[in-house]
Each structure stands twice: as structure tokens, then as C-alpha cells.
Amino acid sequence: MKEAIQFWLRKGVSGIQFGSIEHLNDPQLLSEWKNITEQEAVDDQRGVLIAMTSRKDARGIFSLLNETTGVDMLTSQYLQELAKPEGKDTTMLGDTAKTLINNYIKEAGNRWPSWSMGRPDFGHLAQSMGEQLLRLHHLLFYTLPGTPFTDYGDEIGLRDMPGQPATSNITRMQWDNSADYGFSRGGQQLDEGSNVTVQAQQGHKGSVLSFFQELSELRTKERSLLHGEFHLVEGSNTSVFSYLRVWDQNKRFLVALNFAPQERTVSLLHSHLPAQVEVELSTHPSREKTTLDLPNLKLLPSEGLLLSFPYVAP
């Protein structure tokens, strides 16, 4: 294991992820792995040690983020309850998201949270929830406080192989339409998969990849999204989950997520909210970047909105 960790770190990867940390009861082994990731720096940036856990309760997850394990971050399936297949009742999913995320942030305290949902046992998100809800979950993860984890392929809406369980099938990343999808230069022919590729989506407005890239850029440059305080926003509809990200005197962000496959109009109430907000990004490509009125906000089916407004001195 130590040789494998060193090999990949020296290849330039940013960190190492391993699974089932709750079953690894050798602190010395973890300490050795941690030392390796710290020593094998790339461009003066030390590597990170990331662990996966099958625990699904917030307290159990954060109990593993301590000095004994020494890991930098944890990924889990804590939010898989939100990944409802089509046809299931979604009328309470907004309230479910509110409860899960608020409890997780409270349990984190001064520890750094991370957000994930995909593999190893869940498969690609587009497979289980469809493209529109995939976009909504991207928006959720990249606007919460902490570190978002995106499983490879989810940024283009990659799906698992038809008829194959996610746990027993590995779908290669699909870069282009060549025989091996640009995954390698070897001669091995991959099994037939979807025609979703990076090449097909690159530069195309409205594609999942373009949405993901725009969202990532906002996350990178906006201080409120990087460092801001998290405030729940009360709403009038149980399908909608809303919150604020606020940092000092920087631009402020309101996130509104409609988990229902129907249009919803919601009244949002919070002392920070102005009468009008600007649309920064929508999970629906047809939504124009314009000014919207509050508190009555109309959300399209399964739409997530990233809205902004300026800081105003009291």
C-alpha cells in the first residue's frame, strides 16, 4: 500500500482516497499513510489523505475525523436519501434536505465538512436521478460550506453500463468518441456505453459540462461561496430547500432548490434578503440571467437557482 501511494503521488495526483475507514483499526498504518501524503508534495502543495465510510449518520461520520485517523477529509453516502428515483414522492424532499444538511453542519462544528453521494456502491448520479436532478445536486454541493466531491463522469452526466449493477461495473471516463473513448492509448476495445463525452459537450452552452464549469468558476472566485456563513432560509413549500451564503461585505448568494418535478412558487423569508435578486446560474439552460422579485419566487420543475445580491451597509 505504501509503495502504491508513493507511486501515484509521484505521478502528480493531489491525494489518495481509501475506503471503509471504520474497519481499519491500525492507527500506526494510518499515520504512515498520512506521513507519505504530506512528504510527497507537488508544487509545494502536500497531498491529502481522504477516507470513505459506509456510515450514514452525521455523528458517526465525524467521529472518524479525528487525530487518531489523521485523514484530511471523509466521503460518505450521507445524502443518498435525496437521490430519489423518478416516480417517488418528492413533496417533502426540500424539508429532508434542510434537516440532513443542517444536522451535518451542526455536527461538524469547527471541523471541515465534505459533500459526496456517488460511488463506490451508488453509481453515477445521472443513472439514478436523471440529468436535471444531477445539475441540481451539483449546485447543492458546490454552494455548501466545505469541500464538494464529484465522481469522475458526473460532470458530463455519464451513466453506468445498461443492465449492470454499479458495484460490479466500472465505466471508463468518456473523453471523446474514439474506440477507447480517449481513456487510454491501448488497443483494448471498451464495452459499448453512452455517447456522452467531454468532446461533445465542450463549449456547448446548455450542456452539463458547461453548467459544471460555470458553477466551478463561481465557486472559485466568490468569497461568500468559499468562506461564507451558512444561513437557512425559511420557505413556504416542503419541496424547496433554500439557504444563504454571506461573507463580510462581499456579494451575497441565495440558493433555492426545487426537488419536485413540478413548478413551484415559494415565499422566502430572511432578514438578509432584499426585494430583488439577480440570477447568477440556473440548472435550466432556458432561464435568462435577469432580475427576480422576492419573496414570491417561481421555480421551474427540478430547478436549482443560484441568486445574488449586493451587500448593503445597515
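What counts and what doesn't
- Residues numbered from 1 in each chain as written.
- Predicted model: local features only at pLDDT ≥ 70, side-chain atom pairs only at ≥ 80, totals over all residues.
- Heavy atoms only, no water.
- Core = buried A, V, L, I, M, F, W, Y, C linked by side-chain atoms within 4.5 Å.
- Buried < 20%, exposed > 50% of the residue type's maximum accessible area, 1.4 Å probe, protein only.
- Helix = DSSP H or I, 4+ residues; strand = E, 2+ residues; numbered from the N terminus.
- Domains from an automatic or database assignment.
- Contact = heavy atoms within 4.5 Å.
- Pairing = 2+ DSSP bridges.
- Axes fitted to C-alpha atoms, helices over the stretch in contact; angles between N-to-C directions.
- Polar contact = N/O pair within 3.5 Å; in protein donor to acceptor, adjacent residues only side chain to side chain.
- Parallel < 35°, antiparallel > 145°, perpendicular 65-115°, else oblique.
- Nonpolar A, V, L, I, M, F, W, Y, C, P; charged D, E, K, R; others polar.
- Salt bridge = Lys/Arg side-chain N within 4 Å of Asp/Glu carboxyl O.

Naming follows an unreviewed UniProt entry, where the protein appears as 4F2 cell-surface antigen heavy chain-like of Thamnophis sirtalis.

Some thoughts on the nonpolar core
Leu79, Met117, Leu140, Phe241 and Leu257 are the most contacted members of the largest nonpolar core, which totals 56 residues. A per-element tally of this core places helix α5 (residues 125-143) first, with 10 residues. Both domain 1 (1-76) and domain 2 (224-309) contribute no fewer than three residues apiece to this core. Other than its neighbours up to four places away in sequence, Met117 contacts Ser76, Gln77, Leu79, Gln80, Leu82, Ala83, Phe122, Leu125, Met129, His137 and Phe141. Formed by 18 residues, the second largest nonpolar core is a distinct cluster that contains Leu244, Val266, Leu292 and Leu294.

Notes on the sheet that holds strand β14 (residues 304-309)
In a beta sheet, neighbouring strands are held together by backbone hydrogen bonds and run either parallel or antiparallel to one another. Taken in spatial order, the six strands make up an open sheet running β6-β8-β9-β14-β11-β12, and their pairing is antiparallel. The outermost strands of the open sheet, each flanked by one partner alone, are β6 (229-232) and β12 (291-293). Neighbour to neighbour, the strand axes of the sheet diverge by 35° on average, direction disregarded.

Thoughts on the sheet that holds strand β10 (residues 264-269)
Reading across the sheet, the three strands line up as β7-β10-β13 and stay open at both edges, with antiparallel pairing between neighbours. Both edges of this open sheet fall to β7 (234-235) and β13 (296-299), since each of them pairs with a single strand only. Bridge count for β7 against β10 is two bridges, and the pairing is antiparallel. In the strand pairing of β10, Glu234 is matched with Leu269.

Considering the side chain of Ser114
Its location among the elements puts Ser114 in strand β4 (residues 114-115). A polar contact of 2.2 Å, which involves the side chain of Ser114, links it to the backbone oxygen of Leu74. What Ser114 contacts, discounting residues up to four positions off in sequence, is Met73, Leu74, Thr75, Tyr104, Thr147 and Phe149.

A word on the side chain of Thr53
Within the secondary structure, Thr53 sits in the loop between β2 (48-52) and α3 (58-62). With relative accessibility at 3%, the residue Thr53 sits in the buried group. A polar contact is formed between the side chain of Thr53 and the backbone nitrogen of Arg55, at a distance of 3.1 Å. Contact partners of Thr53, with chain neighbours within four places excluded, come to Ile21, Glu22, Ile61, Leu64, Thr75, Ser76 and Gln77.

A few points about the domain arrangement of the protein
Here the protein is described as being made up of domain 1 (1-76) and domain 2 (224-309). For domain 1 and domain 2, the distance between their C-alpha centres works out to 35 Å.

Some details on the packing of α5 against helix α7 (residues 208-221)
Packing of α5 against α7 leaves a shortest axis separation of 10 Å and a crossing angle of 10°. Between α5 and α7, the interaxial angle falls into the category roughly parallel. Contacts from Glu131, Leu134, Arg135, His138, Leu139, Phe141, Tyr142 and Thr143 in α5 reach Val208, Phe211, Phe212, Leu215, Ser216 and Arg219 in α7. Each residue belonging to the contact of α5 with α7 can be placed in one class, and the counts come to eight nonpolar, three polar and three charged.

Some remarks on the pattern of salt bridges
Following the criterion strictly, the structure yields 13 salt bridges and no others. Of the charged contacts in the structure, one is a salt bridge between Asp72 and Lys34, with a shortest N-O distance of 2.5 Å. Placement of Asp72 in the loop between α3 and β3 (73-75) and of Lys34 in helix α2 (residues 27-39) is noted, with a sequence separation of 38 residues between them. The residue Glu214 makes a salt bridge to Lys289 at a minimum N-O spacing of 2.3 Å. Taken together, the residues Glu214 in helix α7 and Lys289 in the loop between β11 (276-282) and β12 connect sequence positions 75 residues apart. Judged by relative accessible area, which is 29%, Glu214 ranks as partly exposed. What makes Lys289 exposed here is its relative accessible area of 55%. When salt bridges that share partners are traced, they join Lys34, Glu38, Arg46 and Asp72 into one network.

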